[in-house]
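So you can see what is in the structure, the chains are spelled out below.
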Amino acid sequence: MNILFVSPEVFPFAKTGGLADVAGALPEAIARKGHKASVILPYYQLVKKNGFKPVMFKKNISVRINNRDEIFNLLLLKHNEVDVYFIEKNEYYDREFLYGTPQGDYADNAFRFGFYAKAILASIPLIGRQDVFHCNDWQSGLLPLYIKLHHKDDPLFRGAKILYTIHNMAYQGLFMKDVVPYLDISWDLFNQAGVEFWDKLSFMKTGIVFSDAISTVSRGYAKEILTPEFGCGLDGLLKTREKDLYGIINGVDYSVWNPGTDRFIAKKYDENSLKGKMECKKDLADAIGIKFDAKRPILGMITRLAEQKGIDLVVNIMKDILKDCNFVILGFGEEKYNNIFQDLAKKYKGKVGVSIKFDNALSHKIEAGSDMFLMPSRYEPCGLNQMYSLKYATVPVVRAVGGLDDTIQNFNPVTKKGNGFKFKDATNEAFLGAIKDAVAVFKNKKLWDGLLKNCLTCDYSWESSAEQYLKLYKNL
Ligand code: ADP
């Protein structure tokens, strides 16, 4: 099969969150199974900053959008068996951030990602017919509509199937309806059964309506999004498509996330000996500016600083956490949280380490150097860091939602089963309770070692998830 992954971010070229990790690893896993996998994304400034130099594949391709002809260049980079195509259109993508600044989204995102879909259509004659378009998140939402309506008689698209994967229901790509005609969408579709969401144009809803199947990134989240609490207003629509809705858990790219080979950490270690982990703990303490104390657990976080991640809970219980533990966070996002954490680092100097930026190397140091990893998310479609943490013998403390609930089982000191600590209610008390349980086990070396062993035997490699995707493509 020929499969084109349509993802607005792809690791290692441009990343803001988990979607990039998925779009980096899944196509490679599919290619390893003998299929032709390609990826297509905008040529952001970040791709250049990250040192990648794709070559010109075709210059000056013309696209009709917004009532005028626009042109772009298509670039190509061959990366680990996967063809990675970049859409070069500097007026849209040569900016500091991918989707917006810490103050808010870019105002022209409807055109930036409408153009993205149109440019993909214009690229197909050049890169070849695809059996499956695997679209991801709102940024790719218009492509299914364009394929199904505008190209239904085009032999290049005949028989092509579309899978639309939702990585986060809360980011839907909602825009004022004035943009509808400029994106070549007929007003006939601007209604409840079509692309409208409360008088706005919804890219995500468009993706859901016009795709052959929909998936999301854990079984738990696939069930949750059918409810008003997690469906973000699209639960009703998703219910009508329940038979086409699948939940496939993300995998881990162990060639990237593996303390045995990790080039960013102070000392490599693996399941046979965790000796190097203490050196990593010391290195992390130095790197982020806290006092090293072997006996005090370091609680780590790496996260987008957004409401979703439950960071308000972390802030609320900080004083209590610091009685027994130190805390480090690498985060970037909403300005108010950026400021709150910087203030906490000043207030609790030596015990709280804060880094407000996006830093891949430091994220690896935190996975390796922390004793526990906190994910108190309000909702979590899949979550990746809890799975990375297992591999680094860093015990996850998570809220029992979505993919976190699917991948982490609460440790029971009597049966000695479980790979982390889980709490149910999004309350300070419940969260603190789980951390206290973790600290109690940490103090009992024998129990803790047993727990680490449980963590290290978990296998979340892409193999089985890639198999599930392939099965789904074939069924389509
Ligand atoms: P989400 O996609 O909702 O942000 P995930 O848990 O699915 O959350 O994935 C987050 C990914 O982004 C992980 O690979 C994590 O390590 C990474 N990440 C998040 N924030 C940062 C940051 N400030 N610096 C480096 N990596 C980060």
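Quick caveat: nothing in here was measured; it's all calculated off a predicted structure.

## Brief notes about helix α6 (residues 203-210)
Residues spaced three or four apart along an α-helix face the same direction, because each turn holds 3.6 residues.
Move 1: In terms of burial, α6 is a largely internal element, seven of the eight residues being buried.
Move 2: Turning to α6, its buried residues number three or more, namely Phe 203, Met 204, Lys 205, Thr 206, Gly 207, Ile 208 and Phe 210.

## Looking at the sheet that holds strand β2 (residues 36-42)
Move 1: Read across the sheet, nine strands follow the order β3-β4-β5-β2-β1-β8-β9-β13-β14 without closing on themselves; strand pairing throughout is mixed. Only two strands of the sheet have a single partner each, and these edge strands are β3 (55-65) and β14 (245-247). Here the strands of the sheet are splayed against their neighbours by 25° on average, with no regard to which way each runs.
Move 2: By the bridge criterion, five bridges tie strand β1 (residues 2-6) to β2 in an arrangement that is parallel. Directly across from Ile 3, in β2, lies its bridge partner Ala 37.
Move 3: Together, β1, β2, β3, β4 (68-79), β5 (82-88) and β8 (132-136) form the strand contacts of helix α4 (residues 109-127), whose direction differs from that of β3 by roughly 120°.

## Focus on the nonpolar core
As a rule of thumb, nonpolar side chains are buried together in soluble globular proteins.
Move 1: In terms of nonpolar packing, the biggest core is built from 173 residues, with Ile 30, Ile 87, Leu 183, Phe 327, Phe 341 and Tyr 473 touching the most fellow members.
Move 2: Among the elements that line this core, the one with the most residues is α4, at twelve residues.
Move 3: Composition of this core by domain shows at least three residues from each of domain 1 (2-251 + 463-475) and domain 2 (275-456).
Move 4: Not counting the four nearest positions on each side in its chain, Ile 30 is found in contact with Ile 3, Phe 5, His 35, Ala 37, Ala 466, Tyr 469, Leu 470 and Tyr 473.

## Some remarks on the site of the ligand
Move 1: Around the ligand there are 19 residues in total, and Lys 15, Gly 18, Asp 21, Arg 304 and Lys 309 lie nearest to it.
Move 2: Here an oxygen atom of the ligand sits 2.8 Å away from a polar atom, N or O, in the side chain of Lys 309.
Move 3: At 2.8 Å from a nitrogen atom of the ligand is found a main-chain nitrogen or oxygen belonging to Lys 357.
Move 4: Burial of the ligand by the protein amounts to 93% of the accessible area it has alone, namely 570 Å².
Move 5: Mapped onto the shell around the ligand, the elements with two or more residues apiece are α1 (18-32), β15 (298-305), β16 (326-333) and α14 (385-391).
Move 6: In terms of residue class, the shell around the ligand is built from six nonpolar, seven polar and six charged.
Move 7: Each of domain 1 (2-251 + 463-475) and domain 2 (275-456) contributes no fewer than three residues to the shell around the ligand.

## Description of empty space enclosed by the protein
One water molecule sets the probe size; rolling that probe over the atoms shows where empty space is left.
Move 1: For the structure shown, the criterion picks out two cavities of 30 Å³ or more.
Move 2: Computed from the structure, the largest cavity encloses a volume of approximately 40 Å³.
Move 3: Lining the largest cavity are Val 10, Phe 11, Phe 13, Ala 23, Gly 24, Pro 27, Glu 28, Val 39, His 79, Val 82 and Val 84.
Move 4: Those elements that place two or more of their residues in the lining of the largest cavity are α1 and β5.
Move 5: Top element by residues in the lining of the largest cavity is α1. It accounts for four residues.

## Overview of the side chain of His 35
Move 1: Mapping His 35 onto the fold places it in the loop between α1 and β2.
Move 2: From its side chain, His 35 meets the backbone nitrogen of Met 1 in a polar contact 3.1 Å long.
Move 3: If sequence neighbours within four positions are ignored, His 35 has contacts with Met 1, Ile 3, Ile 30 and Leu 470.

## A look at the domain arrangement of the chain
Move 1: Annotation of the chain at the domain level lists domain 1 (2-251 + 463-475) and domain 2 (275-456).
Move 2: A C-alpha centroid distance of 32 Å is found between domain 1 and domain 2.
Move 3: With both sides pooled, the region where domain 1 packs onto domain 2 buries about 1,600 Å², and carbon together with sulfur makes up 59% of that total.
Move 4: Seen at the junction of domain 1 and domain 2, the total is zero salt bridges.
Move 5: Linking domain 1 to domain 2 there are ten residue pairs in polar contact (both at pLDDT 80 or more).
Move 6: The set of elements that each furnish at least two residues to the side of domain 1 that touches domain 2 consists of α1 and α7 (219-224).
Move 7: At four residues, α7 tops the list of elements feeding residues into the side of domain 1 that touches domain 2.
Move 8: The residue inventory of the side of domain 1 that touches domain 2, partitioned by class, reads nine nonpolar, nine polar and four charged.

## With respect to the environment of Arg 112
Move 1: For Arg 112, the location among the structural elements is in helix α4.
Move 2: The spacing of Arg 112 and His 79 is 33 residues in sequence and 25 Å in space, taken between C-alpha atoms.
Move 3: Sequence-distant contacts of Arg 112, that is, excluding residues within four places in its chain, are made with Tyr 44, Tyr 92, Tyr 93, Arg 95, Phe 97, Leu 98, Tyr 99 and Tyr 106.

## Here we look at the sheet that holds strand β20 (residues 421-423)
Move 1: Taken together, six strands build an open sheet; the order of strands is β17-β16-β15-β18-β19-β20 and the sheet is parallel. Two strands close off the open sheet at either side, each with one partner strand: β17 (352-356) and β20. Taking the axes of each pair of neighbouring strands and ignoring which way they run, one obtains an average angle of 15° across the sheet.
Move 2: Bridge count for β15 against β16 is eight bridges, and the pairing is parallel. Within β16, the position partnered with Ile 302 by the bridge is Leu 330.
Move 3: Of the strands in this sheet, β15, β16 and β17 are in contact with helix α12 (residues 335-347), which crosses β17 at around 145°.
Move 4: The strands touched by helix α16 (residues 428-442) within the sheet are β15, β18 (372-375), β19 (395-399) and β20, with β20 carrying the most contacts at an inclination of about 165°.

## Remarks on the layout of surface pockets
Move 1: The volume enclosed by the second largest pocket comes to roughly 550 Å³.
Move 2: In terms of lining residues, the second largest pocket is bounded by 21 residues, among which Leu 274, Lys 445, Trp 448, Asp 449 and Leu 452 are the most central.
Move 3: In terms of residue count, the dominant contributor to the lining of the second largest pocket is helix α17 (residues 445-456) (six residues).
Move 4: Residue classes in the lining of the second largest pocket are distributed as nine nonpolar, three polar and nine charged.

Parameters at a glance
- Residues numbered from 1 in each chain as written.
- Predicted model: local features only at pLDDT ≥ 70, side-chain atom pairs only at ≥ 80, totals over all residues.
- Heavy atoms only, no water.
- Buried < 20%, exposed > 50% of the residue type's maximum accessible area, 1.4 Å probe, protein only.
- Helix = DSSP H or I, 4+ residues; strand = E, 2+ residues; numbered from the N terminus.
- Pairing = 2+ DSSP bridges.
- Axes fitted to C-alpha atoms, helices over the stretch in contact; angles between N-to-C directions.
- Contact = heavy atoms within 4.5 Å.
- Core = buried A, V, L, I, M, F, W, Y, C linked by side-chain atoms within 4.5 Å.
- Domains from an automatic or database assignment.
- Near = heavy atom within 4 Å.
- Polar contact = N/O pair within 3.5 Å; in protein donor to acceptor, adjacent residues only side chain to side chain.
- Areas by Shrake-Rupley, 256 points an atom, 1.4 Å probe, with all protein chains shown as cover.
- Nonpolar A, V, L, I, M, F, W, Y, C, P; charged D, E, K, R; others polar.
- 1 Å grid on protein atoms, 1.4 Å probe; cavity = no way out; pocket = protein on both sides within 12 Å on 5 of 7 lines; lining within 4 Å.
- Points joined across faces, edges and corners; volume = space filled by probe spheres on them.
- Buried area = accessible area lost by both parts, 1.4 Å probe.
- Salt bridge = Lys/Arg side-chain N within 4 Å of Asp/Glu carboxyl O.

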